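Analysis of the macromolecular model
Here is what each chain is made of, one letter per residue.
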Amino acid sequence: MDMDKTSAEATAETPAAVTTAPAPTQAAGFGPAPVVPAVPAPPAAPVVPAQVPGYPVYVTQAVPKELRVGAGARFGAYLLNLLLAVVTLGIGWLAWAMVTWSTDSANPGQKLLGLSIVKKDTGVRLTWGEMFVRNFLLGGMVLGFLSTITLSIVAWINLFKIFGSEKQNLVDSMAGSVVVKRTA
């Protein structure tokens, strides 16, 4: 390939590592546009989310195993829930459960015993929707269906899992929650 002398000199003098910004457009008749050296972009500042007034900011902290409630208190809450459901024919218990799910993040029996259900990884109380998913969908529908299919083997696993080091049953494991003693 034949290259003329000027283009060979231009490529030899311009190293490949030097980058330049695009040249500004020049009006015809005023010569070539000046070469503008590239300026590196300043480092990006870390993005810190602003706190919205009226909304609390929670610190992410896993719930220590010492604060979790064991099988005895959970069994007591279960028996109390059963007694309340029988006495109120289920309707009163269900209405009370809808209220306590949103205000205390607990079932009625757990509320009477001073227990609360929180997220395992943050320690934040569950919302009404999360309580509905945990108790009705996972605890009632999924666990009930699996217990029926496996001839109650899943129910026994659910019972004995509470005695483990995590102090969670199957529903807690699926929902990522733990039961703790309410502090305030």
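Quick caveat: nothing in here was measured; it's all calculated off a predicted structure.

To continue, consider the pattern of salt bridges. Pairing between side chains becomes possible if they bear opposite charge and their charged atoms approach one another. Scanning the model with the defined rule gives seven salt bridges in all. Aspartate 172 serves as the salt-bridge partner of arginine 74, at 2.6 Å between the closest nitrogen and oxygen. Placement of arginine 74 in helix α2 (residues 71-87) and of aspartate 172 in helix α7 (residues 170-175) is noted, with a sequence separation of 98 residues between them. For aspartate 172, a relative accessible area of 0% puts it in the buried group. Residue lysine 111 is joined to aspartate 104 by a salt bridge in which the shortest nitrogen-to-oxygen separation is 2.7 Å. Judged by its relative accessible area of 13%, aspartate 104 is buried.

Counting buried residues along strand β1 (residues 115-119), four of its five residues qualify, which places the element largely inside the surrounding structure. Across five bridges, β1 lies against strand β2 (residues 177-181) in antiparallel orientation. Pairing of valine 118 across the sheet is with valine 178, part of β2.

Right, let's talk about the packing of aromatic side chains for a bit. On inspection of all chains with the given rule, the structure shows six aromatic pairs. Between tryptophan 101 and phenylalanine 132, the aromatic rings sit 6.4 Å apart at their centres with planes inclined by 65°, giving edge-to-face as the arrangement. Residue tryptophan 101 is located in helix α3 (residues 91-103), and its partner phenylalanine 132 is located in helix α5 (residues 128-149); the two are separated by 31 residues in the primary sequence. Assessed through its relative accessible area of 4%, tryptophan 101 is described here as buried. Residue class for phenylalanine 132 comes out partly exposed when judged on its relative accessible area of 27%. Between tryptophan 128 and phenylalanine 132, the aromatic rings sit 5.5 Å apart at their centres with planes inclined by 10°, giving stacked as the arrangement.

A few words now on the packing of α5 against helix α6 (residues 153-161). Direction vectors running N to C along α5 and α6 enclose 125°, while the axes themselves pass 6 Å from each other. Here α5 lies oblique to α6, going by the angle between them. For the pair α5 and α6, contact is made by Leu143, Leu146 and Ser147 and by Val154, Ala155 and Asn158, respectively. In the contact of α5 with α6, the residues fall into four nonpolar, two polar and no charged.

Criteria and thresholds
- Residues numbered from 1 in each chain as written.
- Predicted model: local features only at pLDDT ≥ 70, side-chain atom pairs only at ≥ 80, totals over all residues.
- Heavy atoms only, no water.
- Salt bridge = Lys/Arg side-chain N within 4 Å of Asp/Glu carboxyl O.
- Helix = DSSP H or I, 4+ residues; strand = E, 2+ residues; numbered from the N terminus.
- Buried < 20%, exposed > 50% of the residue type's maximum accessible area, 1.4 Å probe, protein only.
- Pairing = 2+ DSSP bridges.
- Phe/Tyr/Trp six-rings, centres within 6.5 Å; stacked < 30°, edge-to-face > 60°.
- Axes fitted to C-alpha atoms, helices over the stretch in contact; angles between N-to-C directions.
- Parallel < 35°, antiparallel > 145°, perpendicular 65-115°, else oblique.
- Contact = heavy atoms within 4.5 Å.
- Nonpolar A, V, L, I, M, F, W, Y, C, P; charged D, E, K, R; others polar.

Geometric values such as these leave the question of function open.
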